[in-house]
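# Structural description and commentary
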Amino acid sequence: MIHFVLLISRQGKVRLTKWYSPYSQKERNKVIRELSGVILTRGPKLCNFVEWRGYKVVYKRYASLYFCMCIDQDDNELEVLEIIHHYVEILDRYFGSVCELDLIFNFHKAYYILDELLIAGELQESSKKTVARLIAAQDALVETAKEQASSISNIIAQATK
Amino acid sequence: MALSGMRGLSVFISDVRNCQNKEQERLRVDKELGNVRTRFKNEKGLTPYEKKKYVWKMLYIYMLGYDVDFGHMEAVSLISAPKYPEKQVGYIVTSCLLNENHDFLRLAINTVRNDIIGRNETFQCLALTMVGNIGGREFAESLAPDVQKLIISSSCRPLVRKKAALCLLRLYRKNPDVVNVDGWADRMAQLLDERDLGVLTSSMSLLVALVANNHEAYWSCLPKCVKTLERLARNQDIPQEYTYYGIPSPWLQVKTMRALQYFPTIEDPNTRRSLFEVLQRILMGTDVVKNVNKNNASHAVLFEALALVNMLLCLVGIGTGLSPQTVMHLDAEKEMMSQCVALLGKFIAVREPNIRYLGLENMTRMLMVTDVQDIIKRHQAQIITSLKDPDISIRRRALDLLYGMCDVSNAKDIVEEILQYLSTAEFAMREELSLKAAILAEKFAPDLSWYVDVILQLIDKAGDFVSDDIWFRVVQFVTNNEDLQPYAAVKAKEYLDKPAIHETMVKFQNGLPPFSFNIPAMFKVSAYILGEFGHLLSRRPGCSPKELFSIIHDKLPTVSTSTIPILLSTYAKILMHSQPPDPELQNQIWAIFSKYESCIDVEIQQRAAEYFALSRKGAALMDILAEMPKFPERQSSLIKKAEDTEVDTAEQSAIKLRAQQQVSNALVVTDQRPANGTPLVGQLSLVKVPSMNNNTDVNSADRGLSPENGALTTVDPQPPSADADLLGDLLGPLAIEGPPTSAVQSQHNIVSGLESDGVVEAAAIVPVDEPQNSVQPIGNTAERFNALCLKDSGVLYENPHIQIGIKAEWRLHHGRLVLFLGNKNTTPLVSVQAIILPPAHLKMELSLVPEIIPPRAQVQCPLEVVNLHPSRDVAVLDFSYKFGNNAVNVKLRLPAVLSKFLQPISVSVEEFFPQWRLLSGPPLKLQEVVRGVKPLPLMEVANLLNSFRLNVCPGLDPNPNNLVASTTFSSESTQALLCLIRIETDPADRTQLRMTIASGDPTLTFELKEFIKEQLVSIPTAPRPQPPQVPPAPPVAQPTSSAAALSDPGALLAGLL
């Protein structure tokens, strides 16, 4: 199970956090501090796994951003490494060649997308196309609500088909 | 720049980004929080848009790590908004802002439930996502049935059902009772037929959690998992959008194989064959490719396949009843195992670090399969190279693997390699390294002096990364091995003589940091050993008490406060050993004692005062400071420490489940069974110091914890903590050294008749009216009995009031046992009664047991035993007493077992074979195939037999896999009778063997056969927390596993010799 997802910039700034196990704010800050210390200092040619407090953290760097996921010791590391990449590809498709700034200003979008990818710390959808379709449908819903146009259910039906 | 679509939010984010430093950022954030707070105060004026904007700002601030202690209500209230945009924000912000224990979440349960059961699909999705991410127990209890309905509903679209499946997974993790196994297992099997891969992926994750808890209920899912795997890996029957870099959903493949690992065995031969075919395809068909992602994905599948093969085959090792057809495939499967190891051997040498890491990790897991260790050992050199890898993650894996693969044959190489690495290793790894090296050295030491060398080097090199347990353990080890004591003393002296120590000392005296902290541990252990065993060196030059004293005392000014108490004890011991007394030395040491009598540190002060007073007692000193008794054998606290690093994982991993299974199967009947660290305190040899743990007992009675060092508990009011066990170990070395409070104070009592404050105080906190029958035994009584079956003295039973020790002597069919009943308290035990319930074959006479055992006194009660005829039955001691208002009664098995009447005898070839032929066939010669045997190496089986006084005669049997043993049995009816034993083992399957027993008496043959069998098959240990007053079940307590040991008629016919 994925216990949490962290997006941290090379300077240690937090870009996104999602916690699937209960952590208090104090613990969250501690985890982030500890892990940025461990991960940001690792050299480029090392493996993508870090052992930490009896768990494993799988991370991958994309440009200036580190994507980290914390898993149980016996979970499959490579599988999670590719969940990260899968997420990045979906973000890329959504934003059109995503960059750190996109995620900074649209962190809420990053959350929506993550919620279509993971629930309860497990992968729920492995098709990029499906995720893209669902996110587009949500966006459409919000747009429609804004315009106060025709009935909501109609649109969902159309958009998610 | 893509903006958030909410201008206020974007402005705020860029403001925060533009802050030059943390302080500015904090100011900006505080300003914003103030702003949001005022806006929320008059909520009526807020438009939905503004509300959304503010809760997003709150979330952003919270994400940055600031505390946000208001506005949760606003976020939660958005959940009940009628329109999608608000609801969406409400759900997502709530699920990020609150965690499962938050009170506000409870307020939302109703709204959430309405959304889940409502008709609006998008609302359902939002609600399921939030519950799946942060739902707690309460959600589990109120929502699980609705969520289950959605998963199997035919009217719901896949997007709802897949979310519902994962949502249920979350709820199940929070409370497994919410999924009713009966109805759900079939539904689960149906779910695995699902065509939509999103739903199938989610359902598979759910299944993993379910089978991890209870695989039996979900047997029907097993063939479906295999089918799914075939569909993906072999047929590649999958929509294009679900392939990932050309690989059919690697995630689903991994999940499916993970679920399969929880089923202990696959009996259906067809299913098993199909599965192995797919696995073979994955193992052989995975190539290294250029594309990183494709490579990762295919190797994710490959490593999961390796894990699955490992699970399937490690069971073959254990031998859980497989059908004959299955066994036929075993050869092919074993072949696959070697393929796996070969593959891993390749992986650990590749350039790609991820693969190297995983290769090492999986090789460690592979160690669980018997027969594989030898193949893995071939890669030892490569693994040692990995210990020097630039990547700490890889080094950790290498260390773990080396630790796991270490045995007697390679311990020296591996431990020395670790030691060498220790000096260059980074701090983050040193503690782990030193702990592991210490454990390996202890477990596999080829000779004892090597062990001492290694540990001393270790303490020297690892410095302050050596935990105290390590040096405690050395002390224990040295104390328990007399041969080792002079050597250890020499080594300790050498270390103290070393100029290196002097140098650091000099630096320290000049006030120059750093004071190297390896000195304290090194110093403590050296000083302790010299105090205890230094007198063994007295004939050597430079080792007179006086010289030893000055070597140690030279360093006293430089040591830390925690070391001084140990030095004081050492001085007291040196003083005691200087015979005839040397007045000069005596005056010197007295001067030191009196100097420290006014020390501000209580521990030091107390020791100094007491040693000073004691050392004037003359002869009494000899008794009180006598050499430490041996420590009872128990699981090394180091090993325990190494095992104690459990963390909270979502599902118990299959590998751990299996490992536990193996441990319980492999329980070895030797002294070193895990005693869970509850130390046996009193020693039989300590009759003279009955009070050594007087106030300790009060503590342990109070807390139900293992007794701690008396001195520490009085001096230092630490709450009981995980340290209790550490102290438990400490207790040993310091029982005399450490708690002079207790030992010495009571001595005061005896010697001078003074009232001792400590004791009175201690007595004052005895729980006065304990409820009846609340006395818990200390230590595992069943394990103690088992240990006593192998040796002749030790503790039979202990609770906070009393300790019952036993010492036995056996000659032919006679035995003389002495029961030592020691009252551990400051009040007498009254109405003491001991009744022996002998089985028919034993005549037992217990001498009179006094009705009262005075405070802290020990009573010895001899017990005469005569063995009338062969039998495995066990005698029981029915023991009762009263302590205060507490009437306590325990029934204890006495270790007067069959083996005690055996006398090992060695026979030559010429003597053996005529006898063996003479005793032909039943009932004098019995043969039986025993299954379900603990899988032990042949050596250990031999040791086991020897420990039961069955003398293994090597070389009698030409087949190296067989053991032949001989012994004589004595009873009144049979007199001394020769017994011959032959055990034939199967190197391919250690869990079964055939044994043949012959003797001149049919009853003896039968009883001896059953007795040996009981020792060989797994003995389930009694549950650890024994319910009070439920003694080990009398006579028939030893489980006979008749089912596991059905005799094999075919084997009976084939009398080999």
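Reading the values: the criteria
Residues numbered from 1 in each chain as written. Chains lettered and ligands numbered in written order. Predicted model: local features only at pLDDT ≥ 70, side-chain atom pairs only at ≥ 80, totals over all residues. Heavy atoms only, no water. Helix = DSSP H or I, 4+ residues; strand = E, 2+ residues; numbered from the N terminus. Buried < 20%, exposed > 50% of the residue type's maximum accessible area, 1.4 Å probe, protein only. Contact = heavy atoms within 4.5 Å. Areas by Shrake-Rupley, 256 points an atom, 1.4 Å probe, with all protein chains shown as cover. Salt bridge = Lys/Arg side-chain N within 4 Å of Asp/Glu carboxyl O. Buried area = accessible area lost by both parts, 1.4 Å probe. Polar contact = N/O pair within 3.5 Å; in protein donor to acceptor, adjacent residues only side chain to side chain. Pairing = 2+ DSSP bridges. Axes fitted to C-alpha atoms, helices over the stretch in contact; angles between N-to-C directions. Expected span 1.5 Å × (residues − 1). Parallel < 35°, antiparallel > 145°, perpendicular 65-115°, else oblique. Nonpolar A, V, L, I, M, F, W, Y, C, P; charged D, E, K, R; others polar. Phe/Tyr/Trp six-rings, centres within 6.5 Å; stacked < 30°, edge-to-face > 60°. Lys NZ or Arg CZ within 6 Å of the ring centre and 35° of its normal. pLDDT = per-residue confidence, 0-100. Left-handed = near helix turned anticlockwise from the far one by under 90°.

Along chain A, the regular secondary structure elements total 6 helices and 7 strands. Element order for chain A, N to C, with α for helix and β for strand: β-β-α-β-β-β-α-α-α-β-β-α-α. The proportion of buried residues among the 161 residues of chain A is 66%. Sequence separation of 24 or more characterises 46% of the internal contacts of chain A that already satisfy a separation of 6 or more. Per element, the accessible surface of chain A, about 5700 Å² overall, is 53% carbon and sulfur.

Attention now goes to the pattern of salt bridges. On inspection of all chains with the given rule, the structure shows 64 salt bridges over all chains. Measuring nitrogen to oxygen at the nearest pair gives 2.8 Å for the salt bridge that ties Asp389(B) to Arg356(B). One end of the pair, Asp389(B), is in the loop between α19 (380–386) and α20 (392–405); the other, Arg356(B), is in helix α17 (residues 353–366), and 33 residues separate them in sequence. Overall, the relative accessible area of 8% leaves Asp389(B) in the buried class. Overall, the relative accessible area of 14% leaves Arg356(B) in the buried class. Through salt bridges with shared partners, a single network forms among Glu51(A), Arg396(B), Arg397(B), Asp400(B), Glu432(B) and Lys436(B).

This paragraph deals with the interface of chain A and chain B. Tallying the contact residues gives 75 residues for chain A and 89 residues for chain B. Taken over both partners, the interface formed by chain A and chain B buries close to 7100 Å², and the fraction arising from carbon and sulfur atoms is 53%. Where chain A packs against chain B, one counts 9 salt bridges. Close ionic contact of Glu125(A) with Lys162(B) constitutes a salt bridge, the shortest N to O distance being 2.7 Å. The interface formed by chain A and chain B includes 40 residue pairs in polar contact (both at pLDDT 80 or more). Of all the elements, helix α2 (residues 77–95) of chain A adds the most residues to the side of chain A that touches chain B, at 9 residues.

Turning our eyes to something else, we now look at the sheet that holds strand β5 (residues 65–71) of chain A. Residue and element names in this part refer to chain A. Strand order in the open sheet formed by 5 strands is β2-β1-β5-β4-β3, and the pairing between neighbours is antiparallel. In the strand order of this sheet, the two ends are held by β2 (14–19) and β3 (49–52), each with one partner. For this sheet, the mean inter-axis angle between neighbouring strands, taken without regard to orientation, is 20 degrees. Bridging between strand β1 (residues 2–9) and β2 involves 5 bridges; their strand directions are antiparallel. Looking at the pairing, Ile 8 lines up with Val 14 of β2.

Our focus in this paragraph is the pairing of strand β3 (residues 793–798) of chain B. All names here are of chain B. Most of β3 sits inside the fold, with 5 of its 6 residues counted as buried. Across 5 bridges, the pairing between β3 and strand β4 (residues 802–811) is antiparallel. Residue pairing for β4: Ser 793 is matched across the bridge by Lys 807. Taking the residues between adjacent antiparallel strands as the criterion, β3 and β4 are bridged by 3 residues.

All names here are of chain B. With respect to the helices, strands and loops of the structure, His 577 is situated in helix α29 (residues 564–577). For the pair His 577 and Gly 531, spaced 46 residues apart in sequence, the C-alpha to C-alpha distance is 8.9 Å. Here His 577 is in contact with Gly 531, Glu 532, His 535 and Pro 545, once residues within four sequence places are set aside.

So, on to helix α5 (residues 84–97) of chain B. The end-to-end C-alpha separation of α5(B) is 20 Å, in line with the 20 Å expected for 14 residues at 1.5 Å each. Counting buried positions along α5(B) gives 14 out of 14 residues, so the element sits mostly inside the fold.

This brings us to the sheet that holds strand β9 (residues 876–883) of chain B. The strands that make up a sheet pair up through hydrogen bonds in the backbone, lying either parallel or antiparallel. Residue and element names in this part refer to chain B. Strand order in the open sheet formed by 3 strands is β6-β9-β10, and the pairing between neighbours is antiparallel. The open sheet is flanked by β6 (830–837) and β10 (886–893), the only strands paired with a single partner. Between one strand and the next, the sheet's axes are offset by a mean angle of 10 degrees, whatever the strand orientation.

For the rest of this paragraph, the subject is the packing of helix α1 (residues 7–18) of chain B against helix α2 (residues 22–41) of chain B. All names here are of chain B. Packing of α1 against α2 leaves a shortest axis separation of 8 Å and a crossing angle of 155 degrees. With respect to α2, the axis of α1 lies roughly antiparallel. Across the interface between the two elements, Phe 12, Asp 15, Val 16 and Asn 18 from α1 touch Gln 24, Glu 25, Arg 28, Val 29 and Glu 32 from α2. Residues of the contact of α1 with α2, tallied by class, amount to 3 nonpolar, 2 polar and 4 charged.

Before going further, it helps to examine the side chain of Lys18(A). Mapping Lys18(A) onto the fold places it in strand β2. Here Lys18(A) is in contact with His3(A), Phe4(A), Val5(A), Tyr111(A), Leu114(A), Asp115(A), Ser95(B), Cys96(B) and Asn133(B), once residues within four sequence places are set aside.

Glancing now at the packing of aromatic side chains. The full count for this structure, using the stated rule, is 29 aromatic pairs over all chains. Taking the centre distance of 6.2 Å and the plane angle of 80 degrees together, the rings of Phe12(B) and Tyr60(B) count as edge-to-face. Here Tyr60(B) lies in helix α3 (residues 48–63) and Phe12(B) lies in helix α1, a separation of 48 residues in the sequence. Each member of the pair, Phe12(B) as well as Tyr60(B), is classed as buried. The rings of Phe107(A), Tyr111(A), Tyr112(A), Phe12(B), Trp56(B) and Tyr60(B) are connected pair by pair, giving a single aromatic cluster. We note Lys87(B) situated over the ring of Phe123(B); from NZ or CZ to the ring centre the distance is 4.7 Å. A cation sits over an aromatic face here: Lys436(B) above Tyr403(B), 5.2 Å from the ring centre.

Peptide bonds are trans in most cases, and residues, glycine excluded, mostly fall at negative phi. Positive phi values are uncommon outside glycine, yet Tyr245(B) reaches one of about 50 degrees. Here Tyr245(B) lies in the loop between β1 (243–244) and β2 (247–248).

Should the pLDDT be low somewhere, the predicted coordinates at that spot are not to be read in detail. Residue and element names in this part refer to chain B. A residue-level look at chain B finds 79% of positions with pLDDT of 70 or above and a mean pLDDT of 77. Within the model, the stretch residues 317–322 combines pLDDT values under 50 with 13 contacts to residues more than four positions away or in other chains. Here residues 1020–1057 scores under 50 on pLDDT; set against residues more than four positions off or in separate chains, the count is 64 contacts. Among the scores for the predicted complex, ipTM is 0.91 and pTM is 0.64.

Across its 20 residues, helix α5 (residues 128–147) of chain A extends 29 Å between first and last C-alpha, which sits within 8% of the 28 Å expected from 1.5 Å per residue. Among the residues of α5(A), Thr130(A), Val131(A), Leu134(A), Ile135(A), Ala137(A), Gln138(A), Leu141(A), Val142(A), Thr144(A) and Ala145(A) are the ones counted as buried.

Let's shift gears to the environment of Pro838(B). Residue and element names in this part refer to chain B. For Pro 838, the position within the fold is in the loop between β6 and β7 (842–846). Each C-alpha atom of the pair Pro 838 and Ala 875 lies 4.6 Å from the other, and the pair is 37 residues apart in sequence. Here Pro 838 is in contact with Met 844 and Ala 875, once residues within four sequence places are set aside.

Here the focus is the packing of helix α6 (residues 103–117) of chain B against helix α7 (residues 121–134) of chain B. Residue and element names in this part refer to chain B. At their nearest, the axes of α6 and α7 sit 8 Å apart, and the two run at 140 degrees to each other. Put simply, α6 runs oblique to α7. You can see that α6 and α7 cross each other, and the crossing is left-handed. Of the residues in α7, those touching α6 at Leu 105, Val 112, Asp 115 and Ile 116 are Phe 123, Gln 124, Ala 127, Leu 128, Met 130, Val 131 and Ile 134. Grouping the amino acids of the contact of α6 with α7 by side-chain chemistry returns 9 nonpolar, 1 polar and 1 charged.

This part takes up the pairing of β4(B). For β4(B), the buried fraction is high: 7 of the 10 residues fall into the buried class. Linkage of β4(B) to strand β5 (residues 814–823) of chain B, two consecutive antiparallel strands, is achieved through a turn of 2 residues, within which Leu812(B) is found at a positive phi near 45 degrees.

With that out of the way, let us pick up the environment of Ala233(B). All names here are of chain B. Here Ala 233 shows up in helix α12 (residues 221–234). For the pair Ala 233 and Pro 248, spaced 15 residues apart in sequence, the C-alpha separation works out to 7.0 Å. Not counting the four nearest positions on each side in its chain, Ala 233 is found in contact with Gln 253, Val 278, Arg 281 and Ile 282.

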